[in-house]
Amino acid sequence: MSYTKKIAIIGSGPAGLTAAIYTSRAQLDTTVYLGIQPGGQLTTTTDIENFPGFPEGIIGPDLMEKMQKQAERFGAKTIFETVKSISFDTNSHKYTISSDTGEIIYDGVIIASGATAKYLGLEGEEKFIGKGYHSCATCDGFFYRDKELIIVGGGDSAMEESIFLTKFATKVYLIHRSENFRASKIMLDRAKANNKIEFLTNKKITKFYTDEKEKLNGVELENTQTGESQKMNIDGVFVAIGHIPNTNFVKGKLSMDEAGYLIPKHRTMSEIEGIS
Ligand SMILES: Cc1cc2nc3c(=O)[nH]c(=O)nc-3n(C[C@H](O)[C@H](O)[C@H](O)COP(=O)(O)OP(=O)(O)OC[C@H]3O[C@@H](n4cnc5c(N)ncnc54)[C@H](O)[C@@H]3O)c2cc1C
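Keep in mind that this is a model prediction, so the values were computed, not measured.

**Some thoughts on the site of the ligand**
With respect to spatial proximity, 30 residues lie near the ligand, and among them Ala 15, Leu 34, Gln 37, Gln 41 and Val 83 are the closest. Interatomic distance of 3.5 Å between a backbone N/O atom of Gly 35 and a nitrogen atom of the ligand. The separation between a nitrogen atom of the ligand and a polar main-chain atom of Val 83 is 2.8 Å. For the ligand, whose unbound accessible area comes to 1000 Å², protein coverage reaches 83%. Of all elements in the fold, only α1 (14-25) and α3 (137-140) reach the threshold of two or more residues within the shell around the ligand. Tallied by class, the residues present in the shell around the ligand amount to 13 nonpolar, 15 polar and two charged. Taken together, domain 1 (6-116 + 243-250) and domain 2 (119-239) each give at least three residues to the shell around the ligand, which thus spans both.

The structure is reproduced here in structure tokens:
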């Protein structure tokens, strides 16, 4: 097959691999940079129940493997490298990507580097992710029908997600380290008006407890003012304390907001022609 244009896709989550299916099927010479998390965030979870075409659900890593194979079927290449920076010549429309092992020049670049959910930062917490410890209420709330949950956070996301979780859980404890909330008044009022949500302010989680199967079943709660601690039994913990966009490699080159999310100029296109 003779390709005319070389396209780089940065990221191998659902966004990157979907883009790769389209570009490779359009016979563009496609290279996907896998980054440090090949397959993206869905590889950290088990059951995915909201992806069309899988009525029984599908395990996250299996879904991502299928997406990668589908892109490879049309010729997309994947390289196990992380992009360090992009430089470009706007006259010649050439884009140089520097990664772990060197530089490659492309005719176009698609950035699909996603974001990383923030967790609490407790020692050893990684082993509980997906086993009672979650960062996405709309993804995993369904598994907690008639259970009791904690949600940690004080912004609009925490309010919105706590309300969402009450569709399933019998009780949701909203834990926040102070009495001041970043959430908008309307969202805070809405959460406070929900009789399944109980606010526990001036509290933070300092430790997880587990059952014999190593599934989280309780937390140690510390009062941030007095330092006193108490154990609390719980079926699951959700965090809604934000995401960190993986955009450092284009810092100063493309417009981004304060948090680091890219600001497109038109639809998904950046202000630099050839970079989406
Ligand atoms: C535990 C968990 C469970 C979830 N469950 C569900 C669910 O059931 N249903 C649902 O719809 N959503 C779910 N989500 C949300 C879903 O995972 C995300 O919405 C989705 O993965 C976002 O896709 P993305 O392609 O934009 O980015 P990501 O999945 O974040 O992928 C980003 C990719 O970019 C790569 N990358 C980053 N920086 C670089 C770089 N410098 N160079 C090269 N590559 C780079 C990474 O290696 C990664 O491959 C869940 C999320 C989590 C964390």
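**Points about the domain arrangement of the protein chain**
Partitioning the protein chain into structural domains gives domain 1 (6-116 + 243-250) and domain 2 (119-239). Centre-to-centre, using C-alpha coordinates, domain 1 lies 32 Å away from domain 2.

**Thoughts on the state of the cysteines**
One pass over the full model with this rule turns up one disulfide. Sulfur-sulfur distance for the disulfide between Cys 136 and Cys 139 comes to 1.9 Å. Where Cys 136 bonds to Cys 139 through sulfur, the torsion about that S-S bond is close to 65 degrees, and the disulfide is right-handed. The class for Cys 136 is partly exposed, based on a relative accessible area of 21%.

**Regarding the sheet that holds strand β14 (residues 197-201)**
Read from one edge to the other, the open sheet built from five strands follows the order β11-β18-β12-β13-β14, with strand pairing classed as parallel. Looking at strand neighbours, the two that pair on one side only are β11 (133-134) and β14, the edges of this open sheet. Relative to strand β18 (residues 236-239), strand β12 (residues 148-152) runs parallel, the two being bridged by four bridges. Bridging across to β18, Leu 149 finds its partner in Gly 236.

**Notes on the pattern of salt bridges**
Pairs can form between side chains of opposite charge once their charged atoms are near each other. Tallied over the entire structure, the rule returns six salt bridges. Taking the shortest distance from any N to any O, the salt bridge between Lys 77 and Asp 29 comes out at 2.4 Å. Residue Lys 77 is located in strand β5 (residues 77-79), and its partner Asp 29 is located in strand β2 (residues 29-33); the two are separated by 48 residues in the primary sequence. Residue classification places Lys 77 among the partly exposed positions, given a relative accessible area of 39%. Of the residues examined, Asp 29 reaches a relative accessible area of 13% and is grouped as buried.

**Some words on the layout of surface pockets**
In this structure, the second largest pocket encloses a volume near 410 Å³. Contributing to the lining of the second largest pocket are 22 residues, with Ile 111, Ala 112, Leu 262, Thr 268 and Ser 276 lying nearest its centre. Broken down by element, the lining of the second largest pocket gets its largest block of residues, three residues, from α1. When grouped by side-chain class, the residues that make up the lining of the second largest pocket number twelve nonpolar, eight polar and two charged.

**Focus on the nonpolar core**
Ile 151, Met 159, Leu 165 and Phe 238 are the most contacted members of the largest nonpolar core, which totals 18 residues. Those elements that provide at least two residues to this core are β12, α4 (156-165), β13 (171-176) and α5 (185-193). Those residues within four positions of Phe 238 in sequence are excluded, and the remaining contacts are His 134, Cys 136, Ala 137, Asp 140, Gly 141, Tyr 144, Leu 149, Ile 150, Ile 151, Val 152 and Leu 165. Among the nonpolar cores identified, the runner-up in size contains 17 residues, and Phe 128, Tyr 173, Phe 208 and Leu 216 belong to it.

Parameters at a glance
Residues numbered from 1 in each chain as written. Predicted model: local features only at pLDDT ≥ 70, side-chain atom pairs only at ≥ 80, totals over all residues. Heavy atoms only, no water. Near = heavy atom within 4 Å. Polar contact = N/O pair within 3.5 Å; in protein donor to acceptor, adjacent residues only side chain to side chain. Areas by Shrake-Rupley, 256 points an atom, 1.4 Å probe, with all protein chains shown as cover. Helix = DSSP H or I, 4+ residues; strand = E, 2+ residues; numbered from the N terminus. Nonpolar A, V, L, I, M, F, W, Y, C, P; charged D, E, K, R; others polar. Domains from an automatic or database assignment. Disulfide = S-S within 2.5 Å. Buried < 20%, exposed > 50% of the residue type's maximum accessible area, 1.4 Å probe, protein only. Pairing = 2+ DSSP bridges. Salt bridge = Lys/Arg side-chain N within 4 Å of Asp/Glu carboxyl O. 1 Å grid on protein atoms, 1.4 Å probe; cavity = no way out; pocket = protein on both sides within 12 Å on 5 of 7 lines; lining within 4 Å. Points joined across faces, edges and corners; volume = space filled by probe spheres on them. Core = buried A, V, L, I, M, F, W, Y, C linked by side-chain atoms within 4.5 Å. Contact = heavy atoms within 4.5 Å.

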